[in-house]
Amino acid sequence: MVADEIMSATGNKEVLVRKLDTADLQSVRSFAQGILETEEALHILVNNAGMYGTEEREVSPDGLEITMATNYYGHFLLTNLLLELLKKSAPSRIINVSSAAHLFTRNINIKDLNFEKKSYGAFSAYSQSKLCNILFSLELSKKLRGSGVMVNSLHPGTVSTEIFLKEERTRSLPIKVICHLLNIIVKVAGKDSELGAQTIIHLAVSEKVEQVSGKYFEDCKEVGSSWLAQDKAVAKSLWEISEVDVQLRPSEMYY
Ligand SMILES: NC(=O)c1ccc[n+]([C@@H]2O[C@H](COP(=O)([O-])OP(=O)(O)OC[C@H]3O[C@@H](n4cnc5c(N)ncnc54)[C@H](OP(=O)(O)O)[C@@H]3O)[C@@H](O)[C@H]2O)c1
C-alpha cells in the first residue's frame with residue numbers, strides 16, 4: 001500500500017489514508033467532514049488529483065463534465081469546506097496543481113463550463129480545467145488577503161507518470177494516437193516523479209514563498225500564466241458560478 005511505502009521511505013509512522021473521489025461532490029463532502037472531525041490543524045493542502053479528458057463527454061454523479069469535476073470542481077469544493085480550518089491553522093498554504101496546458105484555452109464561456117453547448121474535446125476539457133485551477137487560485141488569494149493563508153498554482157513540468165497512459169486504452173483512434181504521442185513525449189522528455197514534485201514541495205514548505213500568494217510557478221520559480229489566467233474579472237465570475245455548481249451553502253463560505 002502507498003501508506004506502507006511512505007512510512008518505510010520516510011520513517012514517519014503517522015501516515016493516514018482516506019478515501020476521496022474528487023469527481024463526486026458527496027465524496028468530497030464526506031472526506032472534508034472526516035478531516036474536520038479528526039484534525040485540529042491543517043497547514044498544507046495540495047490539490048493534485050487530475051485526469052486527462054475522456055474519449056467522449058461524460059458527466060459526474062452531479063451532472064458536471066467529468067474532467068472539470070475531477071480536476072477543478074472537486075478541488076474548489078474541498079478547499080472551501082476546509083477553509084475555516086486552514087485559516088484557524090495559519091500560517092497555512094494551498095497549492096493547486098495546474099498545467100502549461102492551460103495556455104491552449106484562449107477564451108472561456110463561464111456559462112458553459114461543462115461543455116453542454118460548445119463541442120467537447122478531451123484536450124479542451126483538460127486545458128480548461130487547468131485554466132480554472134489558476135483562476136481559482138487568483139480569486140481565492142484575493143479573498144484570503146491578510147488571513148495568513150497563501151494560495152498558489154503551478155505547472156509541474158513534463159513528468160513521466162500514468163496520466164496519458166490510462167486514456168491510451170480508449171477506443172477512439174484519434175485519442176489513442178494523441179495519448180500515445182503524449183506518452184512518448186513524457187517518457188522521453190519527462191522528469192521522474194521525484195523531480196516533478198519539486199515545485200509542489202517548494203510551494204508547500206519553502207520560506208522563500210511564505211508571503212507569496214496568487215502566483216503561478218514552474219521549476220520552483222514564479223512565471224507568467226496566460227492573459228486569460230490573470231483576468232481578475234473572469235476569476236471572480238468563475239468563483240461565483242462555481243459556488244452555484246458545487247452547491248456551496250452560505251454557512252460554508254469561510255472567506
Ligand atoms: N504528468 C505531467 O506531465 C503533468 C503535466 C502538467 C500537469 N500535471 C498535473 O499533475 C497532477 C498529477 O498528475 P500525474 O501526472 O501525477 O498523473 P497520474 O499519475 O495519472 O496521477 C493522477 C493522480 O490523481 C488521482 N485521481 C485521478 N482522478 C481522481 C479522482 N476522481 N479522485 C481522486 N483522485 C483522483 C489518481 O489517483 P488513482 O491513481 O487512485 O486513480 C492519481 O493519484 C494532475 O493534476 C495533472 O493535471 C501533470
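Residues numbered from 1 in each chain as written. Predicted model: local features only at pLDDT ≥ 70, side-chain atom pairs only at ≥ 80, totals over all residues. Heavy atoms only, no water.

1. As for the packing of helix α4 (residues 122–143) against helix α9 (residues 232–245)
At their nearest, the axes of α4 and α9 sit 9 Å apart, and the two run at 90 degrees to each other. Our classification of the angle between α4 and α9 gives roughly perpendicular. Residues C132, L135, F136, L138, E139, L140, K142 and K143 of α4 touch α9, and the partners they reach there are K232, V234, A235, K236, L238 and W239. Here the residues of the contact of α4 with α9 are counted per class, giving nine nonpolar, no polar and five charged. (Axes fitted to C-alpha atoms, helices over the stretch in contact; angles between N-to-C directions. Helix = DSSP H or I, 4+ residues; strand = E, 2+ residues; numbered from the N terminus. Parallel < 35°, antiparallel > 145°, perpendicular 65-115°, else oblique. Contact = heavy atoms within 4.5 Å. Nonpolar A, V, L, I, M, F, W, Y, C, P; charged D, E, K, R; others polar.)

2. Brief notes about the site of the ligand
Near the ligand lie 22 residues; those nearest to it are D21, N48, Y126, V159 and T161. Between a nitrogen atom of the ligand and a main-chain N or O atom of T22, the distance comes to 2.9 Å. One of the backbone N or O atoms of V159 is found 2.8 Å from an oxygen atom in the ligand. Contact with the protein chains covers 71% of the free accessible surface of the ligand, which is 890 Å². Among the residues forming the shell around the ligand, the class breakdown is eight nonpolar, ten polar and four charged. (Near = heavy atom within 4 Å. Polar contact = N/O pair within 3.5 Å; in protein donor to acceptor, adjacent residues only side chain to side chain. Areas by Shrake-Rupley, 256 points an atom, 1.4 Å probe, with all protein chains shown as cover.)

3. What about α4?
An ideal rise of 1.5 Å per residue puts 32 Å on 22 residues; α4 measures up with 32 Å between its terminal C-alpha atoms. Counting buried positions along α4 yields 18 of 22 residues, so the element is predominantly enclosed. (Expected span 1.5 Å × (residues − 1). Buried < 20%, exposed > 50% of the residue type's maximum accessible area, 1.4 Å probe, protein only.)

4. What about a nonpolar patch on the surface?
A grouping of L173, V177, L181, I184 and V188 is seen on the molecular surface, where their side chains present a nonpolar patch of about 490 Å² in accessible area. Inspection of the secondary structure puts I184 in helix α6 (residues 173–189). (Patch = residues over 30% accessible without salt bridge, like charges linked within 9 Å, V, L, I, M, F, W, Y side chains within 5 Å. Salt bridge = Lys/Arg side-chain N within 4 Å of Asp/Glu carboxyl O.)

5. Points about unusual backbone geometry
In this model, A90 is joined to P91 through a cis peptide bond whose omega is 10 degrees. Along the chain, P91 falls in the loop between α3 (66–88) and β2 (92–97). One non-glycine residue, F115, adopts positive backbone phi at about 55 degrees. If you trace the backbone, F115 turns up in the loop between β2 and α4. With a phi angle near 65 degrees, C220 is a residue other than glycine that sits in the positive phi range. Within the fold, C220 resides in the loop between β4 (216–218) and β5 (221–222). The exposure class of C220 is partly exposed, given its relative accessible area of 29%.

6. A word on the sheet that holds β4
Strand order in the open sheet formed by five strands is β1-β2-β3-β4-β5, with mixed pairing between adjacent strands. For this open sheet the edge positions go to β1 (44–47) and β5, each flanked by a neighbour on one side alone. Bridging between β1 and β2 involves four bridges; their strand directions are parallel. Directly across from N47, in β2, lies its bridge partner N96. The sheet strands contacting α3 are β1, β2 and β3 (149–155), and the helix crosses β1 at an angle near 175 degrees. (Pairing = 2+ DSSP bridges.)

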